Amino acid sequence: MAKILENMEIGHNVMHGQWDWMNDPDIHSSVWDWDTASTAESWRHSHNFIHHTYTNIRGKDKDLGYELMRIDPKQKWRPAYLGQPLYNMLLTALFEWGVAVHDMDIDAIRAGDKPWSEVRKDLKGIGVKARSQIVKDYIGWPLISAGAYALVQLASGGRLEQPAKSRLGRRLRKISSKGRVGATATFFDKVLPGAESTYLRTLAADALANVIRNVWAHAIIFCGHFPDQTYTFSQEEVEDETRAEWYLRQLVGAANIDGSPLFHVISGNLGYQVEHHLYPDMPASRYSEIAPKIKDICERYELPYNTGRFSKQWYMVHRTIFRLAFPGGKPRPKPGPYRSAERSTPNPESSEASRFRERVPAEHPAAGPEHESGGVEVQPPPRGKD
């Protein structure tokens, strides 16, 4: 849970610039680094800029299938896609490492568009992060845990239960059970069995925690982007995109996940993926407050608002991954205009949307300017006269 919260609720949102307005020297997108294999710099570029600017544009948004999978029928099929169910399983368990490699932009390296100086810089950054992750999770914390056990065992006079034999002692006896080697093995049997067992259990627990965090992050992120009811776009379709059309693309290219307040906290509020793509630098804790207003806009202008249970979105993601591993495939029906659940009630004024009809006009002084943040690198089209 600590790793999930650190990645989803804290790291992702801080590096999006959502808390830059506090001017805190540590909790700021320019200096924050997170407990995962990706370097902060490469992730901010590939995610904050590339993904959030070119959301769901085929050939430009590198998060569409993570350059590994075909998740839209309009993507050209290749034989390599036959293995994408397997790729997806591996990516689920090793998600942090998959994202780290993805941030390097493999397609650009293959095409020769990325200079080797940048490739070496990225590899060096991943190497530094990998070393720190491995040392911390698989050497440091297990050693601290084993040391704490040894101190308690010493203070209690050996009252803690522990295995009868030391693993190191057992190996030494295979070499010799006599002389100094045998004596050392006997000494290890007295002082090391519990510490060894504690070290290995902590190492296994840390490995399991990383896998659980990876599985959860993979599920939330894929459910927010890849259900087959989200829209994708060709580069020609967005060639002369206006600012309003950019916001529309963010709306129809994302999918929400219904859930409890606890669910939204441990998903970093990315269950509100629609709101996040519309306002990526807004503090995520506010997404639940603006969601009814987004629904109101969708209801008034007959736009879709894609949302559903976690199980439903997760099923659609994996159905798409399995089906599009093979040639062909047709786009599935997209959601129609949003209709609030209260719309058919006798008193339409009690609907969720109707409660937010009175809005401050955009030109009103109280509306305020758009928030500017150094942490958010999204580049929507300039605001036009319309």
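This write-up is about the structure you can find in this document. Remember, predicted model here, so these are calculated numbers, not experimental data.

**A few points about the overall build of the chain**
Alright, step 1. Scanning the chain from terminus to terminus reveals 14 helices and two strands.
Alright, step 2. Here the chain holds 386 residues, and the buried ones make up 46% of them.
Alright, step 3. When contacts within the chain are restricted to residue pairs at least 6 apart in sequence, those whose partners lie at least 24 apart make up 71%.
Alright, step 4. If you sum the accessible surface of the chain, you get close to 21,200 Å²; carbon and sulfur atoms cover 61% of it.

**Topic: the packing of aromatic side chains**
Alright, step 1. Under the counting rule described, the total for this entry stands at 13 aromatic pairs.
Alright, step 2. By way of ring pairs, the aromatic residues Tyr66, Phe95, Phe222 and Phe226 are connected into one cluster.
Alright, step 3. For the cation-ring pair, lysine 60 lies above tyrosine 54, with the distance from its terminal atom to the ring centre recorded as 4.1 Å.
Alright, step 4. The ring of tyrosine 231 is capped by lysine 334, whose NZ or CZ atom sits 5.5 Å from the centre of that ring.

**Points about unusual backbone geometry**
Alright, step 1. Residues other than glycine seldom take positive phi values, yet asparagine 23 does so here, at roughly 60°.
Alright, step 2. By the element assignment, asparagine 23 lies in the loop between α1 (2-15) and α2 (40-53).
Alright, step 3. Assessed through its relative accessible area of 64%, asparagine 23 is described here as exposed.
Alright, step 4. Residue aspartate 105 is not a glycine yet carries a positive backbone phi of 65°.
Alright, step 5. For aspartate 105, the position within the fold is in the loop between α4 (95-102) and α5 (106-111).

**What to know about the side chain of histidine 318**
Alright, step 1. Within the secondary structure layout, histidine 318 lies in helix α14 (residues 310-323).
Alright, step 2. Excluding its chain neighbours within four sequence positions, the residues that come into contact with histidine 318 are Asn88 and His218.

**Here we look at a negative patch on the surface**
Alright, step 1. Where like charges cluster on the molecular surface, the negative patch consists of Glu236, Glu237, Glu239, Asp240 and Glu245.
Alright, step 2. Its location among the elements puts glutamate 237 in the loop between α9 (193-225) and α10 (243-252).

**Thoughts on a nonpolar patch on the surface**
Alright, step 1. A cluster of nonpolar side chains, Leu94, Trp97, Ile134, Val135, Ile139 and Leu143, forms an exposed patch at the surface whose accessible area comes to about 500 Å².
Alright, step 2. Sorting elements by how many residues they give to the nonpolar patch places helix α6 (residues 116-155) first, with four residues.
Alright, step 3. With respect to the helices and strands, the residue leucine 143 is situated in helix α6.

**Section: empty space enclosed by the protein**
Alright, step 1. Under the defined criterion, the tally for this structure stands at two cavities of 30 Å³ or more.
Alright, step 2. Of the volumes computed, that of the largest cavity is approximately 320 Å³.
Alright, step 3. Broken down by secondary-structure element, the contributors of at least two residues to the lining of the largest cavity are α1, α2, α4, α9 and α12 (273-278).
Alright, step 4. Here the lining of the largest cavity gets five residues from one element, more than from any other, and that element is α9.
Alright, step 5. The residue makeup of the lining of the largest cavity, split by class, is nine nonpolar, 11 polar and four charged.
Alright, step 6. By volume, the second largest cavity is sized at about 30 Å³.
Alright, step 7. In terms of lining, the second largest cavity is formed by Gln229, Tyr231, Leu251, Val252, Ala254, Pro304, Tyr305, Asn306 and Pro335.
Alright, step 8. A breakdown of the residues in the lining of the second largest cavity according to their chemical character gives seven nonpolar, two polar and no charged.

**Remarks on the packing of α6 against α9**
Alright, step 1. Interaxial distance between α6 and α9 falls to 8 Å at its minimum, and their mutual angle equals 140°. Judged by the inter-axis angle, α6 sits oblique to α9. Between α6 and α9 lies a crossing whose hand is right-handed. Across the interface between the two elements, Asp137, Tyr138, Ile139, Trp141, Pro142, Leu143, Ser145, Ala146 and Tyr149 of α6 pack against Gly194, Ala195, Thr198, Tyr199, Thr202, Leu203, Asp206, Ala207 and Asn210 of α9.
Alright, step 2. Looking at the contact of α6 with α9 residue by residue, the classes come out as 11 nonpolar, five polar and two charged.

**So, the layout of surface pockets**
Alright, step 1. Its volume calculated, the second largest pocket comes out at about 700 Å³.
Alright, step 2. In terms of lining residues, the second largest pocket is bounded by 27 residues, among which Gly65, Tyr66, Glu67, Leu68 and Met69 are the most central.
Alright, step 3. For the lining of the second largest pocket, the secondary structure elements donating two or more residues are α3 (84-93), α4 and α5.
Alright, step 4. The element contributing the most residues to the lining of the second largest pocket is α4, with four residues.
Alright, step 5. Partitioning the lining of the second largest pocket into residue classes produces 13 nonpolar, five polar and nine charged.

**Things to note about α1**
Alright, step 1. Burial analysis of α1 places 10 of its 14 residues in the buried class, which makes it a mostly covered element.
Alright, step 2. Listed as buried for α1 are Lys3, Ile4, Glu6, Asn7, Met8, Gly11, His12, Asn13, Val14 and Met15.
Alright, step 3. As for α1, its buried residues are in contact with α2, α6, α9, α11 (261-266) and α12.

**Quick look at the nonpolar core**
Alright, step 1. Among the nonpolar cores identified, the biggest contains 28 residues, and Met8, Tyr66, Phe95, Trp216, Ile220, Phe222 and Phe226 are the most heavily contacted of them.
Alright, step 2. Going through the elements one at a time, α1, α2, α4, α9, α11 and α14 are the ones with two or more residues in this core.
Alright, step 3. Examining the composition of this core, we find that six residues originate from one element, α9, more than from any other.
Alright, step 4. In terms of nonpolar packing, the next biggest core, distinct from the first, is built from 17 residues, Ile57, Ala254, Val274 and Leu278 among them.

Cut-off values and rules
- Note on numbering: residues in each chain are counted from 1, in written sequence order.
- Owing to the predicted nature of the model, reporting of local features is limited to residues with pLDDT of at least 70; listing and counting of side-chain atom pairs is limited to 80 or more, with chain, interface and lining totals taken over all residues.
- For the side-chain quantities, the full set of heavy atoms in the structure was used; hydrogens and water were omitted.
- Strands are runs of DSSP state E lasting at least two residues, helices are runs of H or I lasting at least four, and both sets are numbered from the N terminus onward.
- Think of it in three bands: with a 1.4 Å probe and only protein chains considered, a residue is buried below 20% of the maximum accessible area for its type, exposed above 50%, and partly exposed in between.
- The contact criterion used is simple: two residues touch if any of their non-hydrogen atoms lie within 4.5 Å.
- Computed with a 1.4 Å probe, the accessible areas rest on the Shrake-Rupley method; for each residue, only the protein chains presented here act as cover.
- Working definition: a ring pair exists when centres of Phe, Tyr or Trp rings (six-membered ring for Trp) sit within 6.5 Å. Plane angles under 30 degrees give stacked, over 60 give edge-to-face, the rest tilted.
- Charges are assigned to positions over rings by a cutoff of 6 Å between ring centre and Lys NZ or Arg CZ, combined with an angular limit of 35 degrees from the ring normal.
- Candidates for patches are residues over 30% relative accessible area with no salt bridge; among them, like charges are joined within 9 Å and nonpolar side chains (Val, Leu, Ile, Met, Phe, Trp, Tyr) within 5 Å.
- The working definition used for a salt bridge is a side-chain nitrogen of Lys or Arg within 4 Å of a carboxyl oxygen of Asp or Glu.
- We score Asp and Glu as negative and Lys and Arg as positive, and we do not count His or the chain ends.
- Taken as the charge location is NZ of Lys, CZ of Arg, CG of Asp or CD of Glu.
- Definitions used for this entry: grid spacing 1 Å over protein atoms alone; cavity, a set of points where a 1.4 Å probe fits but cannot get out; pocket, an open set with protein on both sides within 12 Å along at least 5 of 7 lines; lining residue, one with an atom within 4 Å of a point.
- Grid points are joined across faces, edges and corners, and a volume is the space filled by probe spheres set on the points.
- Gly is placed with the polar residues, together with every amino acid not listed as nonpolar (Ala, Val, Leu, Ile, Met, Phe, Trp, Tyr, Cys and Pro) or charged (Asp, Glu, Lys and Arg).
- Axes here mean lines fitted to C-alpha atoms, for a helix over just the part in contact, with angles spanning 0 to 180 degrees between N-to-C directions.
- What sets the label is the angle itself: under 35 degrees gives roughly parallel, over 145 gives roughly antiparallel, 65 to 115 gives roughly perpendicular, and the rest give oblique.
- Take the far helix as your reference; a near helix turned counterclockwise from it by less than a right angle gives a left-handed crossing, and one turned clockwise gives a right-handed crossing.
- Nonpolar cores were defined as sets of buried Ala, Val, Leu, Ile, Met, Phe, Trp, Tyr and Cys residues, with membership established by side-chain atoms within 4.5 Å.

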